[in-house]
Amino acid sequence: MHVKFISVEDTFNLRQQILKPGCALTSCYFPKDNEPETFHLAVVDNNEIVSVGSFNRSSLPFFANTSQYHLKGMATSLSYRGKNAGSTLVKFAMDYLKQKDVNLLWCNARVTAVGFYQKLGFTIIGDTFEVEGIGLHQTMYINLN
(Lines give C-alpha, C1' and ligand atoms only; values in the text may rest on other atoms or scores of the structure.)
Protein backbone atom coordinates (compact mmCIF):
# COMPACT_ATOMS: atom_id res chain seq x y z
CA MET A 1 0.00 0.00 0.00
CA HIS A 2 1.12 3.52 -0.75
CA VAL A 3 -0.35 7.03 -0.56
CA LYS A 4 -0.62 9.33 -3.55
CA PHE A 5 -2.22 12.62 -4.53
CA ILE A 6 -5.27 12.19 -6.76
CA SER A 7 -7.90 14.29 -8.51
CA VAL A 8 -11.25 14.95 -6.87
CA GLU A 9 -12.92 12.80 -9.51
CA ASP A 10 -10.81 9.84 -8.36
CA THR A 11 -12.45 10.09 -4.91
CA PHE A 12 -16.03 9.76 -6.18
CA ASN A 13 -16.37 5.98 -6.50
CA LEU A 14 -15.25 5.25 -2.94
CA ARG A 15 -17.15 8.26 -1.55
CA GLN A 16 -20.29 6.93 -3.20
CA GLN A 17 -19.74 3.33 -2.12
CA ILE A 18 -18.96 4.13 1.54
CA LEU A 19 -20.40 7.55 2.34
CA LYS A 20 -23.38 7.89 0.02
CA PRO A 21 -24.53 4.43 -1.10
CA GLY A 22 -27.45 4.57 -3.48
CA CYS A 23 -26.89 8.24 -4.29
CA ALA A 24 -25.88 9.64 -7.65
CA LEU A 25 -22.15 9.94 -8.29
CA THR A 26 -22.66 13.70 -8.75
CA SER A 27 -23.73 13.94 -5.09
CA CYS A 28 -20.17 12.96 -4.12
CA TYR A 29 -18.81 16.40 -5.02
CA PHE A 30 -18.29 18.55 -1.92
CA PRO A 31 -17.97 22.33 -1.61
CA LYS A 32 -14.30 23.37 -1.71
CA ASP A 33 -13.27 20.21 -3.62
CA ASN A 34 -11.76 22.32 -6.41
CA GLU A 35 -10.32 25.20 -4.40
CA PRO A 36 -6.63 25.89 -5.10
CA GLU A 37 -5.38 24.82 -1.66
CA THR A 38 -7.54 21.67 -1.48
CA PHE A 39 -5.83 18.32 -2.03
CA HIS A 40 -7.06 14.75 -2.26
CA LEU A 41 -5.20 11.62 -1.19
CA ALA A 42 -5.67 7.93 -1.85
CA VAL A 43 -4.18 4.78 -0.45
CA VAL A 44 -3.55 2.43 -3.36
CA ASP A 45 -3.01 -1.31 -3.17
CA ASN A 46 -2.50 -3.44 -6.28
CA ASN A 47 -3.51 -0.45 -8.45
CA GLU A 48 -6.84 -0.15 -6.60
CA ILE A 49 -7.87 2.92 -4.59
CA VAL A 50 -8.79 1.53 -1.16
CA SER A 51 -9.01 4.70 0.94
CA VAL A 52 -9.57 8.38 0.13
CA GLY A 53 -9.63 11.68 1.98
CA SER A 54 -9.92 15.32 0.98
CA PHE A 55 -8.30 18.23 2.78
CA ASN A 56 -9.20 21.91 2.47
CA ARG A 57 -8.18 25.10 4.19
CA SER A 58 -11.01 25.87 6.59
CA SER A 59 -11.09 27.14 10.16
CA LEU A 60 -12.96 26.08 13.26
CA PRO A 61 -14.05 29.16 15.22
CA PHE A 62 -12.81 27.55 18.47
CA PHE A 63 -9.20 28.14 17.40
CA ALA A 64 -8.42 31.70 16.41
CA ASN A 65 -5.25 32.68 14.60
CA THR A 66 -4.16 29.20 13.62
CA SER A 67 -3.53 27.72 10.20
CA GLN A 68 -6.15 24.97 9.86
CA TYR A 69 -7.23 22.28 7.42
CA HIS A 70 -10.44 20.29 7.32
CA LEU A 71 -10.50 16.56 6.53
CA LYS A 72 -13.64 15.66 4.62
CA GLY A 73 -14.89 12.68 2.64
CA MET A 74 -12.74 10.11 4.42
CA ALA A 75 -13.70 6.67 3.11
CA THR A 76 -12.02 3.28 3.26
CA SER A 77 -13.11 0.18 1.40
CA LEU A 78 -14.80 -2.30 3.72
CA SER A 79 -12.27 -4.98 2.82
CA TYR A 80 -9.40 -2.71 3.93
CA ARG A 81 -10.77 -1.61 7.29
CA GLY A 82 -8.54 -2.69 10.13
CA LYS A 83 -5.56 -2.98 7.76
CA ASN A 84 -4.15 0.53 8.44
CA ALA A 85 -5.25 1.98 5.08
CA GLY A 86 -7.17 4.87 6.65
CA SER A 87 -4.60 5.60 9.33
CA THR A 88 -1.80 5.52 6.74
CA LEU A 89 -3.66 8.17 4.72
CA VAL A 90 -4.34 10.45 7.70
CA LYS A 91 -0.74 10.17 8.99
CA PHE A 92 0.60 11.02 5.52
CA ALA A 93 -1.70 14.07 5.42
CA MET A 94 -0.62 15.21 8.88
CA ASP A 95 3.06 15.02 7.91
CA TYR A 96 2.37 16.88 4.66
CA LEU A 97 0.40 19.61 6.47
CA LYS A 98 3.13 20.03 9.09
CA GLN A 99 5.57 20.77 6.25
CA LYS A 100 3.15 23.49 5.08
CA ASP A 101 3.15 25.01 8.60
CA VAL A 102 -0.46 24.05 9.26
CA ASN A 103 -1.19 24.00 12.99
CA LEU A 104 -4.42 22.06 13.23
CA LEU A 105 -6.38 19.39 11.35
CA TRP A 106 -10.06 18.89 12.11
CA CYS A 107 -12.99 16.83 10.90
CA ASN A 108 -16.66 16.16 11.49
CA ALA A 109 -16.50 12.45 12.16
CA ARG A 110 -19.41 10.08 12.05
CA VAL A 111 -19.92 8.89 15.61
CA THR A 112 -19.09 5.38 14.43
CA ALA A 113 -15.60 6.64 13.44
CA VAL A 114 -14.76 8.59 16.62
CA GLY A 115 -12.62 5.72 17.98
CA PHE A 116 -10.60 5.61 14.74
CA TYR A 117 -9.73 9.30 15.05
CA GLN A 118 -9.04 9.07 18.79
CA LYS A 119 -6.44 6.35 18.11
CA LEU A 120 -4.71 8.84 15.79
CA GLY A 121 -4.64 11.48 18.54
CA PHE A 122 -7.73 13.52 17.65
CA THR A 123 -9.71 15.17 20.46
CA ILE A 124 -13.48 15.66 20.64
CA ILE A 125 -14.77 19.23 20.78
CA GLY A 126 -18.37 20.33 21.20
CA ASP A 127 -21.54 18.28 21.14
CA THR A 128 -22.64 15.65 18.64
CA PHE A 129 -24.85 16.91 15.84
CA GLU A 130 -27.05 15.41 13.17
CA VAL A 131 -26.20 15.61 9.48
CA GLU A 132 -29.53 15.14 7.73
CA GLY A 133 -29.74 11.88 5.84
CA ILE A 134 -26.34 10.69 7.13
CA GLY A 135 -26.42 10.53 10.93
CA LEU A 136 -24.75 11.75 14.09
CA HIS A 137 -21.36 13.46 13.81
CA GLN A 138 -18.74 14.75 16.22
CA THR A 139 -16.24 17.54 15.57
CA MET A 140 -12.68 16.43 16.33
CA TYR A 141 -9.26 18.01 15.96
CA ILE A 142 -5.56 17.37 16.33
CA ASN A 143 -2.78 19.88 16.91
CA LEU A 144 0.02 19.37 14.40
CA ASN A 145 2.69 21.35 16.27
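It should be noted that the structure appears before, not after, this text.
Not measured: the values here are computed from a predicted model.

Q: What am I meant to see in the pattern of salt bridges here?
A: A side chain of one charge can pair with a side chain of the opposite charge if their charged atoms are brought near each other. Counted according to the given criterion, the structure contains 2 salt bridges. Note that arginine 15 and aspartate 33 form a salt bridge whose closest N and O atoms lie 2.8 Å from each other. Placement of arginine 15 in helix α1 (residues 12-19) and of aspartate 33 in the loop between α1 and β2 (39-45) is noted, with a sequence separation of 18 residues between them. Each member of the pair, arginine 15 as well as aspartate 33, is classed as buried.

Q: I would appreciate a short explanation of the environment of histidine 40 in the present structure.
A: Relative to the assigned elements, histidine 40 resides in strand β2. Measuring from C-alpha to C-alpha, the distance between histidine 40 and lysine 72 comes to 9.6 Å, with 32 residues separating the pair along the chain. Separated by 3.0 Å, the side chain of histidine 40 and the backbone oxygen of aspartate 33 make a polar contact.

Q: In this structure, what is going on with the pairing of strand β3 (residues 48-57)? I would like to understand it.
A: Working note: regular strand, side chains alternate between the two faces of the sheet. Summarising burial for β3: 7 of the 10 residues are buried, a large majority. Sheet topology places β2 next to β3; 7 bridges connect them, and they run antiparallel. Bridge pairing in β3 places leucine 41 opposite glycine 53. Of the strand pairs in this sheet, β3 and strand β4 (residues 68-76) are connected by 6 bridges, and their pairing is antiparallel. When the bridges of β4 are listed, asparagine 56 appears paired with histidine 70.

Procedures and definitions
- Residues numbered from 1 in each chain as written.
- Predicted model: local features only at pLDDT ≥ 70, side-chain atom pairs only at ≥ 80, totals over all residues.
- Heavy atoms only, no water.
- Salt bridge = Lys/Arg side-chain N within 4 Å of Asp/Glu carboxyl O.
- Helix = DSSP H or I, 4+ residues; strand = E, 2+ residues; numbered from the N terminus.
- Buried < 20%, exposed > 50% of the residue type's maximum accessible area, 1.4 Å probe, protein only.
- Polar contact = N/O pair within 3.5 Å; in protein donor to acceptor, adjacent residues only side chain to side chain.
- Pairing = 2+ DSSP bridges.

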